[in-house]
Amino acid sequence: MRKRQVVLRRSSPEEPSRSSSTASSLTVRTVRYGECQKNHAAAVGGYAVDGCREFMASRGEEGTLAALTCAACGCHRSFHRREIETEVVCDCNSPPSTGN
């Protein structure tokens, strides 16, 4: 399951500018939940994972309790490794380079 979070951040006059031109940036964060890391043998002092490779929401709409349960292994989403991909795109006001 892929969950996408978009954060819009614009530089304000109080913040120091990193470049000489006025720029706004767009930060796109993609959250993905990888393999399950729940230790099913913790009660007996061992270590065993179930082998679930990726979180898949079981049923229900985004934001419901049912959407937080994995359809493959039945574990809560918090047991799956969280991977965040961040991409920052800068929209500068400078003219494009001509390569001269």
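Basis of the calculations
Residues numbered from 1 in each chain as written. Predicted model: local features only at pLDDT ≥ 70, side-chain atom pairs only at ≥ 80, totals over all residues. Heavy atoms only, no water. Phe/Tyr/Trp six-rings, centres within 6.5 Å; stacked < 30°, edge-to-face > 60°. Helix = DSSP H or I, 4+ residues; strand = E, 2+ residues; numbered from the N terminus. Buried < 20%, exposed > 50% of the residue type's maximum accessible area, 1.4 Å probe, protein only. Lys NZ or Arg CZ within 6 Å of the ring centre and 35° of its normal. pLDDT = per-residue confidence, 0-100. Contact = heavy atoms within 4.5 Å.

### Observations concerning the packing of aromatic side chains
Then step 1. Scanning the entire structure with this criterion turns up 1 aromatic pair.
Then step 2. Pairing Tyr33 with Phe55 gives two aromatic rings, centres 6.1 Å apart and planes at 65°, and the pair type is edge-to-face. Of the two residues, Tyr33 sits in strand 2 (residues 23-36) while Phe55 sits in the loop between strand 2 and strand 3 (80-92), which places them 22 residues apart along the sequence.
Then step 3. Judged by its relative accessible area of 0%, Phe55 falls in the buried class.
Then step 4. Above the ring of Phe79, the side-chain terminus of Lys38 is found at 5.2 Å from the ring centroid.

### Some words on the confidence of the model for the protein chain
Then step 1. Of the residues in the protein chain, 66% have a pLDDT of 70 or more, and the chain-wide mean is 76.
Then step 2. Below pLDDT 50 for its whole length, residues 8-22 participates in 7 contacts with residues either more than four positions away or in separate chains.

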